Amino acid sequence: MTTKVFIDGEAGTTGLQIRERLSGRRDLELLSIAPERRKDADARADLLNGADVVILCLPDDAAREAVALIDNATTRVIDASTAHRTDSAWTYGFPEMAPGQREAIRASARVSNPGCYPTGFIALVAPLVRAGLMPSEYPVTVNAVSGYSGGGKGLIAEFEAPAPKGTSDAFRLYGLNMAHKHIPEMAKYSGLSHGPVFSPAVGRFAQGMIVEVPLQLWALPGMPSVADLHAAIASAYVGERFVTVGDKADTAALQKARTGAGGYVAALDPEALNGTNALRLYVFGDEDRRQARLVAILDNLGKGASGAAVQNLNLMCGFDEDEGL
């Protein structure tokens, strides 16, 4: 028997990518709603209740409404919105995040897909908190640049139009009100007792992401070394297929000196993992200066959205975890 899957919001950026990843699979039957009936509550309710698994690719309020339309005890839900990410009744869909998380996803009827920025941040910070290298109350800063595809149809249209004359408009800071919607899940699942100072930006490239956490090692209790940080992060992902950690040779190769006042220039490409479900982590640092920079690279529409949803679907349905990825 095939598993019936309904992607509610399949016409959006994430929904389209999920459908593309799932199309052609013989173990799944993809249900679809006619375009003219997408706002018909009865038609949507029929599909929501007729599916074995529903994947919600909707704005937060619409995702909550969709869940309310499910009136049976068997339909399982993966929500790609922010609506349920910190809800204790939902399982956070980051299998590699901590021991036991993969098993919790397999057993859950309600899984909340992680945000793209939090995926990189949590992967870098949670192992340090668990290892006791970073106190839960430590003041953390996270800087990040994402491709414009994560900003919705309006931003996509704007960035795909010719750049305004007289400015390159290479990237834009946003979230200047300090209230980005990803901050609560960053704090909750990293183990921090409060949210980080988050400085997101969008670049003039469609897809891909870099997330960075700078640290003053001399200010951390115990004053861990760069090697200590790397060991804690690397040990957290031993044996994982989708989350990998660069070793000393990798970081050395990226830290090639170039002439100029800038010193070292790391050739990190935010688009390097596009089209994949991969998450690549690096620990850069200087033992003499007692400073480090933790860096994550991922596809904001892959491990940061559609790839994660497919990985969670596979776990929930008992398929090979990497099927379609």
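A few points on the structure. Keep in mind that this is a model prediction, so the values were computed, not measured.

### A few points about the nonpolar core
Then, in step 1: Membership of the largest hydrophobic core comes to 44 residues, with the highest contact counts inside it found for Phe121, Met134 and Leu281.
Then, in step 2: Mapped onto this core, the elements with two or more residues apiece are α5 (116-130), β7 (141-147), α7 (183-190), β10 (209-216), α8 (226-236), β11 (243-245), β14 (279-286) and β15 (291-298).
Then, in step 3: By residue number, the principal contributor to this core is α5, which donates ten residues.
Then, in step 4: Residues Ala51, Leu56, Leu58 and Trp90 belong to the second largest nonpolar core, which totals 17 residues.

### Regarding the pairing of β7
Then, in step 1: Sheet topology note: the β7/strand β9 (residues 197-203) ladder contains seven bridges and is parallel. Along β9, the bridge assignment pairs valine 145 with alanine 201.
Then, in step 2: Summarising the sheet, β7 and β10 pair through four bridges and their orientation is antiparallel. Note that in β10 the partner of valine 145 across the bridge is isoleucine 210.

### Structural notes on the sheet that holds β10
Then, in step 1: Strand order in this open sheet of seven strands is β8-β9-β7-β10-β15-β14-β11, and the pairing throughout is mixed. A strand with exactly one partner marks an edge of an open sheet, and here the two such strands are β8 (171-173) and β11. Each adjacent strand pair in this sheet contributes to an overall mean axis angle of 20°, direction not counted.

### Details of the sheet that holds strand β5 (residues 91-92)
Then, in step 1: Ordered by their spatial adjacency, six strands build an open sheet running β2-β1-β3-β4-β6-β5, and the pairing between neighbours is parallel. The outermost strands of the open sheet, each flanked by one partner alone, are β2 (28-31) and β5.
Then, in step 2: Judged from the two bridges that link them, β5 and strand β6 (residues 110-112) form a sheet pairing that is parallel. Across the sheet, threonine 91 pairs through a bridge with valine 111, a residue of β6.
Then, in step 3: Contacts from helix α1 (residues 13-22) reach β1 (3-8), β2 and β3 (53-56), with the element oriented near 160° to β1.

### What to know about the environment of glycine 191
Then, in step 1: Mapping glycine 191 onto the fold places it in the loop between α7 and β9.
Then, in step 2: In this structure the C-alpha to C-alpha distance between glycine 191 and valine 129, which are 62 residues apart in sequence, comes to 6.2 Å.
Then, in step 3: What glycine 191 contacts, discounting residues up to four positions off in sequence, is Val129 and Ser136.

### Details of the packing of aromatic side chains
Then, in step 1: Under the counting rule described, the total for this entry stands at four aromatic pairs.
Then, in step 2: Both rings, one in tyrosine 282 and one in phenylalanine 284, keep their centres 5.8 Å apart while their planes meet at 20°; by these two values the pair is stacked.
Then, in step 3: For tyrosine 282, a relative accessible area of 11% translates into the label buried.

### Focus on the packing of α5 against α8
Packed helix pairs are characterised by how far apart their axes lie and by the angle those axes make with each other.
Then, in step 1: Running from N to C, α5 and α8 cross one another at 105°; their axes reach a closest spacing of 9 Å. Relative to α8, the element α5 is oriented roughly perpendicular. For the pair α5 and α8, contact is made by Leu124, Pro127, Leu128 and Arg130 and by Leu229, Ala232, Ile233 and Ala236, respectively.
Then, in step 2: Class assignment for the residues of the contact of α5 with α8 results in seven nonpolar, no polar and one charged.

### Topic: the state of the cysteines
Then, in step 1: For the structure on display, the rule yields zero disulfides.
Then, in step 2: Summary of cysteine pairing: cysteine 116 is not part of a disulfide, and the nearest cysteine sulfur, belonging to cysteine 57, is at 14 Å.
Then, in step 3: For cysteine 116, a relative accessible area of 13% corresponds to the buried category.

### Section: the pattern of salt bridges
Then, in step 1: Scanning all chains against the criterion turns up 16 salt bridges.
Then, in step 2: Across the salt bridge formed by lysine 303 and glutamate 96, the nearest N and O atoms sit 2.9 Å from each other. You can see lysine 303 sitting in helix α10 (residues 302-317) and its partner glutamate 96 sitting in the loop between β5 and α4 (101-107), a full 207 residues away along the chain.
Then, in step 3: Residue glutamate 96 is classed as buried on the basis of its relative accessible area, which comes to 3%.
Then, in step 4: Shared partners join several salt bridges into a network, and the residues in it are Arg102, Glu240 and Glu321.

The rules behind the values
- Residues numbered from 1 in each chain as written.
- Predicted model: local features only at pLDDT ≥ 70, side-chain atom pairs only at ≥ 80, totals over all residues.
- Heavy atoms only, no water.
- Core = buried A, V, L, I, M, F, W, Y, C linked by side-chain atoms within 4.5 Å.
- Buried < 20%, exposed > 50% of the residue type's maximum accessible area, 1.4 Å probe, protein only.
- Helix = DSSP H or I, 4+ residues; strand = E, 2+ residues; numbered from the N terminus.
- Pairing = 2+ DSSP bridges.
- Axes fitted to C-alpha atoms, helices over the stretch in contact; angles between N-to-C directions.
- Contact = heavy atoms within 4.5 Å.
- Phe/Tyr/Trp six-rings, centres within 6.5 Å; stacked < 30°, edge-to-face > 60°.
- Parallel < 35°, antiparallel > 145°, perpendicular 65-115°, else oblique.
- Nonpolar A, V, L, I, M, F, W, Y, C, P; charged D, E, K, R; others polar.
- Disulfide = S-S within 2.5 Å.
- Salt bridge = Lys/Arg side-chain N within 4 Å of Asp/Glu carboxyl O.

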